[in-house]
Amino acid sequence: MKLRTSVIAVLGMAFAAGAAHADINVGVTVSATGPAASLGIPEKNTFALMPTTIGGEKVNYIVLDDASDTTAAVKNTRKLISEDKVDIVLGSTVSPNSLAMIDVVAESGTPMISMAASARIVEPVDDKKRWVFKTPQNDAQMSTAIIEHMTNSGVKTVAFIGFADAYGEGWYEQFSSVADARKLKLVANERFNRNDTSVTGQVLKLIAARPDAILIAGSGTPAALPQKALKERGYTGKIYQTHGVANNDFLRVCGKDCEGTLLPAGPVLVASQLADSNPVKKSAIEYITKYEAAHGKGSVSTFGAHAWDTGVLLAAAAPEALKKAKPGTKEFRTALRDALENVKEVPGAHGIFTMSPTDHLGLDQRSRVMVQIQNGAWKLVK
Amino acid sequence: MDFQIAMLLGQDGITNGAIYALLALALVLVFAVTRVIFIPQGEFVSYGALTLVMIQAGAIPATVWLLLGAGLLAAALDVRLALRAGQPGRLVRLLGWYVAYPLALVALLYTLPVKDFPMAAQILFALAVVVPMGPLMYRLIYQPIAAAPVLVLLIVSVAVHVAMVGLGLLFFGAEGSRTPPFSEARFEMGPVMVSGQTIWVVVSSLVLIVALYQFFERTLYGKALRATAINRVGARLMGISPALAGRLTFFLAALIGALSGVLIAPITTIYYDTGFLIGLKGFVAAIVGGLASYPMAAAGALLVGLLEAFSSFWASAHKEVIVFTLIIPVLLWRSLRGRHVEEEE
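Scoring rules and cut-offs
- Residues numbered from 1 in each chain as written.
- Chains lettered and ligands numbered in written order.
- Predicted model: local features only at pLDDT ≥ 70, side-chain atom pairs only at ≥ 80, totals over all residues.
- Heavy atoms only, no water.
- Helix = DSSP H or I, 4+ residues; strand = E, 2+ residues; numbered from the N terminus.
- Rg over C-alpha atoms; globule rule 2.2 N^0.38 Å.
- Buried < 20%, exposed > 50% of the residue type's maximum accessible area, 1.4 Å probe, protein only.
- Contact = heavy atoms within 4.5 Å.
- Areas by Shrake-Rupley, 256 points an atom, 1.4 Å probe, with all protein chains shown as cover.
- Lys, Arg positive; Asp, Glu negative; His and termini not counted.
- Charge placed at Lys NZ, Arg CZ, Asp CG, Glu CD.
- UniProt positions renumbered as here; feature names shortened; annotations may be inferred.
- Salt bridge = Lys/Arg side-chain N within 4 Å of Asp/Glu carboxyl O.
- Buried area = accessible area lost by both parts, 1.4 Å probe.
- Polar contact = N/O pair within 3.5 Å; in protein donor to acceptor, adjacent residues only side chain to side chain.
- Nonpolar A, V, L, I, M, F, W, Y, C, P; charged D, E, K, R; others polar.

**Q** Account for the overall build of chain A, with residues named and values stated.
**A** For chain A, the count of helices and strands is twelve helices and 15 strands. Taken over the C-alpha trace, chain A has a radius of gyration of 23 Å; the compact-globule value for 382 residues is 21 Å, and the two agree within 12%. Overall size of chain A, expressed as C-alpha extent along the three principal axes, is 90 × 45 × 40 Å. Taken across its 382 residues, chain A has 58% of its residues classed as buried. Nonlocal contacts in chain A, meaning residues at least 24 apart in sequence, comprise 67% of its contacts between residues at least 6 apart. Carbon together with sulfur atoms contributes 55% to the accessible area of chain A, which is approximately 15300 Å² in total. For chain A, the distance from the average site of its 42 positive side-chain charges to the average site of its 38 negative ones is 2 Å.

Below is the structure:
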């Protein structure tokens, strides 16, 4: 009898202790393998650098890999919510995965911050998407930047070549609609695959259309292939890339064929060249320093910075939520969601976040800059 | 479309077709001798190219550790067998090939300034690392199930492919790489400039095909492989070891794959998973040859290459669809024309 009472007492004490020091559990699903691995790997590395305490509470990160696969992302999310009882889900890397996860997080009332670009993840904010936030700039913001630059430098006709997948299609949709409004003429529209060994056919067709400029919408090193082929066939007009190529591997693979290429990107890419008055500079350099200390000089990429920004948002919102409820409860998750929606002027690596009930991205014009490749390095275009 | 564009596309198609032809030949060879539909064939392309990239960057190619690991495993298996069979004399040779060879490679890569070697030497090193994985793969994976039905062998091939792609991501990272071209030379052929690398690819493929032909026609080992392909049981009765035939076949397949990778690495960016798609196109070509005829497979490869080049011009978004849909009329034609032989002996 005595033994049983003491067991109960010990259990009770353990339970009480657990409740008093409830850790914040953060569930992460990233595409560290599969086709999106070049984005997912730096993101995964970034989560290892995130703060381990927020507002005095310990933070546990549970990082899972979804292999760039939609089904795996949904499965991961269910597991994180039901087994690990996470307070927030961060992820996933690509848009199809993030879109599929919305139903799961909304059903359980868990806030989620995505690292994928598609505007459809957070727009329009409805009953389900009120739980969902994201950190990367919308493609529309980026394509407006490109088109502004094009019209300012006298480009009249433009040709498009993009990935034969959601990325390329999304860009074409955005780009063609804005181009139409700005009286830019699209003279050719081609597709290629990430794994293609040759794009000669497409490139010949692009050149035959004689455009003033060509936009290549691809991500990572695969976007170098059309550019190299264009140079090989003697194309001399302007070449634009998208922010999907903003990592140093692209410079390595593309080499001298990429001299002069223009692209829009998050300010983190050229953080050290930003004016000191720019509020993004400090937070971007903080991330770069941390990442490069862990993974070597020149290893940082803008994709990892999107992951970093999810952490920035969490760190800004969690203290507010902690005032209202204990982690691990439904009240805490709701409070965390509300706090995320009220984030004001929080500097991240990619821009300044100001959320509202209708805007779950919260980035403005300060979140993009035009960059040119000069002497094998990224150079801010002023 | 004018003549010049047609010429450029034709050139592009022939270059890619030459690579597909090599892979198609390897696939036909492996299937004929061992009945394995060798899906991981393409992985040797990536491994070969990316190992060369790592050597040129002055790093120790991660693939050499895979070679060492597989060698140790094979040694453990074979040493046990040799001891049980009471043939300790074989130990030296076994350990020499399985353990000492990879160790020697590691030592050489560590001590020699391979980074500054001429390209030909670097290519030899890359091949020395990647090619022995072929026979090792046969020893470890396919030899124990050599008598299994074709379907089981196919399923195992899929598993090996998935494992190799995963290891490739671990070894080489997610981003692609290129190597410098063998020659910067350019030649004018009528209205079209032809790059030296294109000629390298086409000529090397032709040389390799002729060399393979000579190997099968003139050498004892080549004839042994042919005999195994025609009649496995008969060849065994004549004293041809099926294990040896299998290892030799996989050696050739790995050699062809790695060499293809080295050849195309200067023309295109190679990723850890590039090989699969290239191998798959070689597979379409091999199907044109009914997985049996070498000349038909080579012709099919050329067809695939040209079809790919021209469809990328006319309908770039549907290029892969067009290339892989080719397999349907081909299969239809083959099955209407050919007589049906029930599978399995």
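**Q** Help me get a handle on the overall build of chain B, residues and values and all.
**A** For chain B, the helix and strand inventory stands at 15 helices and two strands. The C-alpha atoms of chain B give a radius of gyration of 21 Å, which matches the 20 Å a tight globule of 345 residues would have. Counting the 345 residues in chain B, one finds 52% classified as buried. Summed over its atoms, the accessible surface of chain B is roughly 15600 Å², and 72% of this surface lies on carbon and sulfur atoms. Counting 20 positive and 16 negative side-chain charges, chain B places the averaged centre of each group 13 Å from the other.

**Q** Run through the UniProt feature "transmembrane region" (unreviewed entry) in chain B, naming residues and quoting values.
**A** All names here are of chain B. UniProt's feature table lists "transmembrane region" (unreviewed entry) at residues 20–39, 59–83, 95–113, 119–138, 150–174, 194–216, 248–271 and 283–307, given in the numbering used throughout. End-to-end, the C-alpha atoms of residues 20–39 are 14 Å apart, and along that stretch the chain is 75% helix and 0% strand. Structurally, residues 150–174 is divided into 92% helix and 0% strand, and its ends, taken at the C-alpha atoms, are 33 Å apart.

**Q** An account of the pattern of salt bridges is requested, with residue identities and associated values reported.
**A** Where charged atoms from two side chains of opposite charge come close, those side chains can pair. In the structure shown here, the tally under the stated rule is 21 salt bridges over all chains. Glu107(A) is the salt-bridge partner of Arg78(A), the closest N and O atoms lying 3.6 Å from each other. Taken as a pair, Arg78(A) in helix α3 (residues 70–82) and Glu107(A) in helix α4 (residues 95–108) lie far apart in primary sequence, 29 residues in all. Take Glu107(A): its relative accessible area is 61%, and that puts it in the exposed class. Here Arg194(A) and Asp273(B) are joined by a salt bridge, their closest N and O atoms 2.6 Å apart. Here Arg194(A) is found in the loop between β8 (185–192) and α7 (200–208), whereas its partner Asp273(B) is found in the loop between α11 (242–264) and α12 (274–288) on a different chain.

**Q** Please set out the UniProt feature "domain: Leucine-binding protein" (unreviewed entry) in chain A residue by residue, giving values where relevant.
**A** The UniProt feature table records "domain: Leucine-binding protein" (unreviewed entry) at residues 24–369 of chain A. Secondary structure content for residues 24–369 of chain A is 42% helix and 18% strand, while the C-alpha to C-alpha distance between its ends is 35 Å.

**Q** Can you lay out the interface of chain B and chain A for me, pointing to particular residues and giving the numbers?
**A** The interface of chain B with chain A comprises 30 residues on the first partner and 31 residues on the second. Between chain B and chain A, a total of about 2500 Å² is buried, with carbon and sulfur atoms accounting for 49% of that surface. Among the residues of chain B in contact with chain A, Glu175(B), Arg178(B) and Tyr271(B) are the three that bury the most area, contributing 22% of the side total. Summed over the shared surface of chain B and chain A, the result is two salt bridges. Taken together, the connections running from chain B to chain A amount to 19 residue pairs in polar contact (both at pLDDT 80 or more). Breaking the side of chain B that touches chain A down by element, the ones donating at least two residues are α1 (3–34), α12, α13 (294–314) and α14 (319–325) of chain B. Per-class residue counts for the side of chain B that touches chain A are 15 nonpolar, eight polar and seven charged.

**Q** Please give an account of unusual backbone geometry that cites residues and values.
**A** All names here are of chain A. Here the bond from Gly91 into Ser92 is cis, since omega is -5 degrees, no more than 30 degrees from zero. Looking along the chain, the bond that leaves Glu123 and enters Pro124 is cis, with omega of -15 degrees. Relative to the helices and strands, Pro124 is located in the loop between β5 (112–114) and β6 (132–134). Positioned with a positive phi, Ser68 is a non-glycine residue whose angle comes to about 60 degrees. Within the secondary structure layout, Ser68 lies in the loop between β3 (57–65) and α3. Overall, Ser68 belongs to the buried group, its relative accessible area being 19%.

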